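Residue strings, one per chain:
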Amino acid sequence: MEPGLFLIFGIFAAGILAGVPVAFCLGIAAVAGFIWEGLNPAVAFQQMASGMSIFSLLAIPFFIFAGELMLHGGIARRLIALASAVVGHMRGGLAQVNVGSSMLFGGISGSAVADTSALGTMLIPSMQQKGYGADYAVGLTVTSSIAGILIPPSHNMILYSLAAGGGISVSALFIAGIVPGAMMCLFLAITAYVMAVRRGYPAESWQGLRHLAWCFVDALPGLLTAVIILGGVLSGIFTVTESAAFGTIWALLVTVLVYRALSWEAFVTAVRASVRTTAVVFLLVGTATAFAWLLAMYRLPEILTEGMLAVSSNPIVILLMINLCLLLLGAVMDMAALILITTPIFLPVVTAIGVDPVQFGMVMMMNLGLGLTTPPVGAVLFVGCAIGRIRMEQVMRSIWPFWGAILVALLLTTYWPAVSLTLPRLLLGYGA
């Protein structure tokens, strides 16, 4: 293997162990690699700039801002009320509300962290007041939040398309995430119900169809945000970036004019949070682009492909190895950085064994989403534990069934292509 590869990965690993932010680790390693190869370091910065200068990336700040507006503008609260009216009367009703709310809110915000912050702040204390264990409430909240990564829109899928060279349709990725995301939530809901029965958790009272209809009407303006985004993309009226912009404008109008819940202070908070998150994402994109350029120069994807095929030519074994690698990496690194780093490495391997890039995108999203709920770097897990005021060790004792539900959905998505590819083929003619 090239000495330069050892150098850049060594610098990157040392930076991570020293607690340096991932984006800076990638940038420093990339510049060091260019110097090692006798190239002008300015080329590294040109690669960074080119990586951040892609038009489709403009959708990311719009999606992030829309999620912040919904978090601070009353949409999240109404989505919880709608989910409660639909499934709250079941045994462990608040647990079912938790999963249903994650599907609704995550399908609009596209962020697992935003999902946990918005819904967890309201649901975790409510569940604890109703007699649910804090470990159960936090474990379910953080695992169900992964729905925001799979159910469209998801800015992580835009990053995946970028990391794959831009040749994968973002629209196809969005549509492909619907069935795996819904299936994962269904398995989580079943698991939550079984655990609720065993623990003797209560059911909420049935409020009647009139209450359900009112909650739906009240939540409808917020739900239309997702309709505008997905409908614009599917109909071909808007590009993904244009749909994100119009969806954000709609979310702003709803929170200000319809719900009248977005104060000036909340608006400023949403803007600051969006700018901060967007800056981090774009810095990651830039440094990861330069880092990936070096990996391609060193032929790492080809070397890895040859190595895995030398171990086994069986697609089942290769996909299992990749899943394990992604799960382990997801436990120690940030999701966005991993998408940008590992996609150029693993995508050639899976395409060599006949796996569709869109299907692999769903496998990657689910793997790395699960990593957000695992120590030591699980950002979503940290947020949930802080809200529930519970130690991570206590949550770890009872989160295993929820992880198991996600793993079942992951295996089905990995080995059954129809789970992720049927809808893109029906709605977009993908692969025809």
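Calculation criteria
- Residues numbered from 1 in each chain as written.
- Predicted model: local features only at pLDDT ≥ 70, side-chain atom pairs only at ≥ 80, totals over all residues.
- Heavy atoms only, no water.
- Helix = DSSP H or I, 4+ residues; strand = E, 2+ residues; numbered from the N terminus.
- Rg over C-alpha atoms; globule rule 2.2 N^0.38 Å.
- Contact = heavy atoms within 4.5 Å.
- Areas by Shrake-Rupley, 256 points an atom, 1.4 Å probe, with all protein chains shown as cover.
- Lys, Arg positive; Asp, Glu negative; His and termini not counted.
- Charge placed at Lys NZ, Arg CZ, Asp CG, Glu CD.
- Phe/Tyr/Trp six-rings, centres within 6.5 Å; stacked < 30°, edge-to-face > 60°.
- Buried < 20%, exposed > 50% of the residue type's maximum accessible area, 1.4 Å probe, protein only.
- Lys NZ or Arg CZ within 6 Å of the ring centre and 35° of its normal.
- Core = buried A, V, L, I, M, F, W, Y, C linked by side-chain atoms within 4.5 Å.
- 1 Å grid on protein atoms, 1.4 Å probe; cavity = no way out; pocket = protein on both sides within 12 Å on 5 of 7 lines; lining within 4 Å.
- Points joined across faces, edges and corners; volume = space filled by probe spheres on them.
- Nonpolar A, V, L, I, M, F, W, Y, C, P; charged D, E, K, R; others polar.
- Axes fitted to C-alpha atoms, helices over the stretch in contact; angles between N-to-C directions.
- Parallel < 35°, antiparallel > 145°, perpendicular 65-115°, else oblique.
- Salt bridge = Lys/Arg side-chain N within 4 Å of Asp/Glu carboxyl O.
- Disulfide = S-S within 2.5 Å.

Before going further, it helps to spend a moment on the overall build of the protein. Counting its regular elements, the protein contains 23 helices and zero strands. Relative to the 2.2 N^0.38 estimate, which gives 22 Å for 432 residues, the radius of gyration of the protein is 21 Å and therefore close to what a compact globule would have. Projected onto the principal axes, the alpha-carbon positions of the protein cover approximately 70 × 50 × 45 Å. Considering only residue pairs separated by 6 or more positions, the protein has 79% of its internal contacts joining residues 24 or more positions apart. Of the roughly 17,500 Å² of accessible surface on the protein, a fraction of 69% belongs to carbon and sulfur atoms. Mean positive and mean negative side-chain charge positions of the protein (15 and 14 charges, respectively) differ by 17 Å.

This part is about the packing of aromatic side chains. Inspection of every chain in the model, using the stated rule, returns 10 aromatic pairs. For the ring pair Phe34 and Trp293, a centre distance of 5.2 Å and an interplane angle of 15° mean the geometry is stacked. Of this pair, Phe34 sits in helix H2 (residues 22-36) while Trp293 sits in helix H15 (residues 264-297), and the two are 259 residues apart along the sequence. The buried category is assigned to Phe34, whose relative accessible area is 0%. By relative accessible area, Trp293 is classed as partly exposed at 33%. The structure contains a cluster of three or more aromatic residues connected by ring pairs, namely Tyr132, Tyr136, Tyr201 and Phe402. In this structure, Arg78 packs its charged tip against the face of Tyr259, placed 3.7 Å from the ring centre.

The biggest cluster of nonpolar side chains holds 117 residues, and the ones touching the most others in it are Tyr136 and Phe360. When residues of this core are assigned to their parent elements, the largest contribution, 12 residues, is made by helix H18 (residues 335-352). In this structure Phe360 touches Tyr160, Ile322, Leu326, Phe346, Leu347, Val350 and Val355, once residues within four positions along its chain are discounted.

Once that is clear, we can look at the layout of surface pockets. There is about 350 Å³ of room inside the second largest pocket. Phe9, Leu329, Ile341, Thr342 and Ile345 are, among the 16 residues lining the second largest pocket, the residues nearest its centre. Only helix H1 (3-17), helix H16 (300-311), helix H17 (315-330) and H18 provide two or more residues apiece to the lining of the second largest pocket. Counted by class, the lining of the second largest pocket contains 15 nonpolar, one polar and no charged residues.

Here we take up the packing of helix H8 (residues 134-144) against helix H12 (residues 178-199). Running from N to C, H8 and H12 point in directions that differ by 175°, and their axes come no closer than 11 Å. The angle between H8 and H12 places the two elements in the roughly antiparallel class. In contact with Asp135, Tyr136, Leu140, Thr143 and Ser144 of H8, H12 contributes Met184, Leu188, Ala192, Met195, Ala196 and Arg199. When its residues are assigned to classes, the contact of H8 with H12 shows seven nonpolar, two polar and two charged.

Following the criterion strictly, the structure yields two salt bridges and no others. Where Asp218 meets Arg78, a salt bridge forms, and the shortest distance between an N and an O atom there is 3.3 Å. Here Asp218 is found in helix H13 (residues 209-235), whereas its partner Arg78 is found in helix H5 (residues 75-87), with 140 residues between them in sequence. Assessed through its relative accessible area of 23%, Asp218 is described here as partly exposed. In this structure, Arg199 engages Asp135 in a salt bridge whose closest nitrogen and oxygen atoms are separated by 3.3 Å. With Arg199 in helix H12 and Asp135 in helix H8, the pair connects residues that are 64 residues apart, well separated along the chain. Owing to a relative accessible area of 18%, Asp135 belongs among the buried residues under this scheme.

Tracing the chain through its elements places Ile345 in helix H18. Judged by relative accessible area, Ile345 falls into the buried class, the value being 10%. With 46 residues separating them along the chain, Ile345 and Arg299 place their C-alpha atoms 9.4 Å apart. If near-sequence neighbours (up to four positions away) are discounted, Ile345 is found in contact with Leu295, Leu300, Pro301 and Leu304.

Phi is positive for Arg260, close to 50°, though the residue is something other than glycine. One non-glycine residue, Arg389, lies in positive phi territory at about 50°. Tracing the backbone through its elements, the reader meets Arg389 in the loop between helix H20 (379-388) and helix H21 (392-396).

A few words now on the side chain of Ser171. On the secondary structure map, Ser171 appears in helix H11 (residues 170-176). Ignoring sequence-local partners within four residues, the contact set of Ser171 consists of Val233, Val240 and Leu428.

This part covers the state of the cysteines. Summed over all chains, the structure comprises zero disulfides. In this model Cys215 remains outside any disulfide bridge; the closest cysteine sulfur is found in Cys185, 20 Å from its own. Residue classification places Cys215 among the buried residues on the basis of a relative accessible area of 6%. Unpaired in this structure, Cys385 has its nearest cysteine sulfur neighbour in Cys185, at a distance of 20 Å. Taking relative accessible area as the criterion, Cys385 reaches 8% and is therefore assigned buried.

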